[in-house]
There are 4 protein chains.
Amino acid sequence: MADLSVSDEIAAFVAERDWAQFHTPENLAKSIAIEAGELLECFQWDTDAEVDQVREELADVLTYCLLLAERIGADPNQIIRDKLAVTGEKYPVDRARGRSAKYDAL
Amino acid sequence: MADLSVSDEIAAFVAERDWAQFHTPENLAKSIAIEAGELLECFQWDTDAEVDQVREELADVLTYCLLLAERIGADPNQIIRDKLAVTGEKYPVDRARGRSAKYDAL
Amino acid sequence: MADLSVSDEIAAFVAERDWAQFHTPENLAKSIAIEAGELLECFQWDTDAEVDQVREELADVLTYCLLLAERIGADPNQIIRDKLAVTGEKYPVDRARGRSAKYDAL
Amino acid sequence: MADLSVSDEIAAFVAERDWAQFHTPENLAKSIAIEAGELLECFQWDTDAEVDQVREELADVLTYCLLLAERIGADPNQIIRDKLAVTGEKYPVDRARGRSAKYDAL
């Protein structure tokens, strides 16, 4: 999988427009949910979606996620890694393998 | 801002559990919206949120975003960069500076 | 289809707990999105969902919707009816019949 | 609070357009989440929102909720009432009064 190295470009984009004042953690969390809804709209009536549309909406979700990570002083790599460890405890390989059940139903 | 380099760890985590079979683009888009709702729940009644909770929920959104990017063959860096260019056209610096209005109201 | 007549019971439930103070329009909009995510979780990996779970989550979305309608002084019947009229203009029967396409693609 | 009596009009609107074929429970759950995101967008950067916009987006959420209730054979009144009973158990008046804390933190 590819890695993200675009964070500085996002920061510059925001700084040029003086938009950081709007980027409270709460507003960013709302923005992530709003953009996630737009991404989901690509799949509203169909499992197939127009791929260019998916790319654009996914980019919006990712952008707000990186802004929120920055805003709360979190390293995206580290929080993902930390959460994988937590999830790994709840879904041990031997019980979770090939199953989509929730951890409390495994 | 920090960059993401954790994608290979996510891929290994999923492979170990044989979960890729569940990760259709549609299911991942649903998962992103679900996790975005959990992130928003940290701010349901308050603008202040418990930061450890925010980190965990944000990590979940990011993880599904990276899985979807991988699944549709998109480079996260590139789609964010491409979308910034589109957004930059809609929100030129001179008109958007310091304003949260939508582009059609600028 | 059945109609809703439970609104007074919701109002009493909230009044007993003195919760109206938390129910700003913004907080209710967040709550609707959060509960919509929980409803969607019933269908995260499968088109079939556990029906009791769906009923509970749908009830939560509906409850917050009725609270928001009340809060902004809107009659739920009337806003639905008004919006159906708007949607009917965008999706005339002769062009929209049997199609899930968005109005600008009809 | 006002009650809903518009369900028959929604049913007629859908029947005229032969749209029931698209209204699987899963698609309706996605639609509720999508519209909830649009409702939230009214409050993205501000606690004040344009009320006409809120009414329209709230109407969309409510419409899909009533369609889902109908689709799974649930009486909206009854599921709301049933869920209030469950929530009442988790949030007893004496402990929950005037507090927005989650039940496991009361």
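Refer to the structure above for everything that follows.
Thresholds, definitions, all that
Residues numbered from 1 in each chain as written. Chains lettered and ligands numbered in written order. Predicted model: local features only at pLDDT ≥ 70, side-chain atom pairs only at ≥ 80, totals over all residues. Heavy atoms only, no water. Helix = DSSP H or I, 4+ residues; strand = E, 2+ residues; numbered from the N terminus. Rg over C-alpha atoms; globule rule 2.2 N^0.38 Å. Contact = heavy atoms within 4.5 Å. Lys, Arg positive; Asp, Glu negative; His and termini not counted. Charge placed at Lys NZ, Arg CZ, Asp CG, Glu CD. Least-squares fit on C-alpha atoms with pLDDT ≥ 70 in both. Buried area = accessible area lost by both parts, 1.4 Å probe. Salt bridge = Lys/Arg side-chain N within 4 Å of Asp/Glu carboxyl O. Polar contact = N/O pair within 3.5 Å; in protein donor to acceptor, adjacent residues only side chain to side chain. Core = buried A, V, L, I, M, F, W, Y, C linked by side-chain atoms within 4.5 Å. Buried < 20%, exposed > 50% of the residue type's maximum accessible area, 1.4 Å probe, protein only. Axes fitted to C-alpha atoms, helices over the stretch in contact; angles between N-to-C directions. Parallel < 35°, antiparallel > 145°, perpendicular 65-115°, else oblique. Left-handed = near helix turned anticlockwise from the far one by under 90°. Nonpolar A, V, L, I, M, F, W, Y, C, P; charged D, E, K, R; others polar. 1 Å grid on protein atoms, 1.4 Å probe; cavity = no way out; pocket = protein on both sides within 12 Å on 5 of 7 lines; lining within 4 Å. Points joined across faces, edges and corners; volume = space filled by probe spheres on them. Disulfide = S-S within 2.5 Å.

Now for the overall build of chain A. Within chain A, the secondary structure is distributed over 5 helices and 0 strands. Put simply, chain A runs from its N terminus to its C terminus through helices and strands in the order α-α-α-α-α. Relative to its length of 106 residues, chain A is extended, with a C-alpha radius of gyration of 17 Å against a globular reference of 13 Å. Overall, chain A is about 50 × 35 × 25 Å in size when its C-alpha atoms are taken along their principal axes. Considering only contacts in chain A between residues 6 or more positions apart, those separated by 24 or more positions represent 49%. Across chain A, the 11 positively charged side chains and the 22 negatively charged ones have centroids separated by 11 Å.

Attention shifts here to the relation of the copies chain B and chain D. Between chain B and chain D, which share one sequence, the superposing operator has a rotation angle of 180° and an axial displacement of 0.0 Å; the RMSD is 0.0 Å. Taken together, the turn and the small shift mark the pair as related by a two-fold rotation axis. When the interface residues of chain B are mapped onto chain D, 100% of them are again interface residues, pointing to one common binding face.

Here we take up the interface of chain B and chain A. The partner chain A presents 68 residues to the 68 residues of chain B that form the contact. Summed over both partners, the interface of chain B with chain A buries about 6500 Å², with 68% contributed by carbon and sulfur atoms. Counting across the interface, chain B meets chain A through 6 salt bridges. Counting across the interface, chain B meets chain A through 16 residue pairs in polar contact (both at pLDDT 80 or more). Counting residues per element, the side of chain B that touches chain A draws most heavily on helix H3 (residues 51-71) of chain B, at 16 residues.

Below, the discussion takes up the nonpolar core. Counting residues in hydrophobic clusters, the biggest one holds 135 residues, and the most contacted among them are Ile-32 and Leu-58 of chain A, Ile-32 and Leu-58 of chain B, Ile-32 and Leu-58 of chain C together with Ile-32 of chain D. Ignoring sequence-local partners within four residues, the contact set of Ile-32 of chain A consists of Val-61, Tyr-64, Cys-65 and Leu-68 of chain A together with Ala-36, Leu-39, Leu-58 and Val-61 of chain B.

Looking now at the packing of helix H4 (residues 76-90) of chain C against helix H1 (residues 7-17) of chain D. Two packed helices can be described by the angle between their axes and the distance between those axes. Relative orientation of the contacting elements H4 of chain C and H1 of chain D amounts to 15°, with a least axis distance of 10 Å. Classified by the angle their axes make, H4 of chain C and H1 of chain D are roughly parallel. Classified by chirality, the crossing of H1 of chain D by H4 of chain C is left-handed. Counting all contacts with H4 of chain C, which are made through Ile-80, Arg-81, Leu-84, Thr-87 and Gly-88 of chain C, the residues of H1 of chain D involved are Glu-9, Ile-10, Phe-13 and Arg-17 of chain D. Class assignment for the residues of the contact of H4 of chain C with H1 of chain D results in 4 nonpolar, 2 polar and 3 charged.

All chains considered together, the criterion is met by 24 salt bridges over all chains. The salt bridge partner of Arg-81 of chain A is Glu-9 of chain B, with a shortest N-O separation of 2.9 Å. Taken together, the residues Arg-81 of chain A in helix H4 (residues 76-90) and Glu-9 of chain B in helix H1 (residues 7-17) connect one chain to another. Judged by relative accessible area, which is 29%, Arg-81 of chain A ranks as partly exposed. When its relative accessible area of 33% is taken as the criterion, Glu-9 of chain B is described as partly exposed. In this structure, the salt-bridge partner of Lys-83 of chain A is Asp-60 of chain B, at a minimum N-O distance of 2.5 Å. Of the two residues, Lys-83 of chain A is situated in helix H4 and Asp-60 of chain B in helix H3; the pairing between them involves two chains.

With that settled, the discussion passes to empty space enclosed by the protein. Within the structure shown, the criterion is met by 1 cavity of 30 Å³ or more. By volume, the largest cavity is sized at about 120 Å³. In this structure, the largest cavity is lined by 14 residues; those nearest its centre are Ala-33 of chain A, Ala-33 of chain B, Ala-33 of chain C together with Ala-33 and Gly-37 of chain D. Counting only elements with at least two residues in the lining of the largest cavity, the list comes to helix H2 (25-41) of chain A, helix H2 (25-41) of chain B, helix H2 (25-41) of chain C together with helix H2 (25-41) of chain D.

Here the focus is the state of the cysteines. In total, this model carries 0 disulfides over all chains according to the counting rule given. Cys-65 of chain A forms no disulfide, and the closest cysteine sulfur to it belongs to Cys-65 of chain B, at a distance of 5.0 Å. This cysteine, Cys-42 of chain D, is not joined by any disulfide, and Cys-65 of chain C carries the nearest cysteine sulfur, 13 Å off.

With an RMSD of 0.0 Å, the operation that places chain B on chain A is a rotation of 180° combined with a shift of 0.0 Å along the axis. A share of 100% of interface residues in chain B that are also interface residues in chain A marks the association as one of identical surfaces.

To continue, consider the interface of chain B and chain D. If you look at the interface, chain B gives 7 residues, while chain D gives 7 residues. Buried area between chain B and chain D, both sides added, is near 560 Å², and the carbon and sulfur share of it is 49%. Viewed at the interface, chain D and chain B are joined by 4 salt bridges. When the shortest N-O distance is used, the salt bridge between Lys-30 of chain D and Glu-26 of chain B registers 2.5 Å. Counting the contacts that link chain B with chain D gives 4 residue pairs in polar contact (both at pLDDT 80 or more). A breakdown of the residues in the side of chain B that touches chain D according to their chemical character gives 2 nonpolar, 1 polar and 4 charged.

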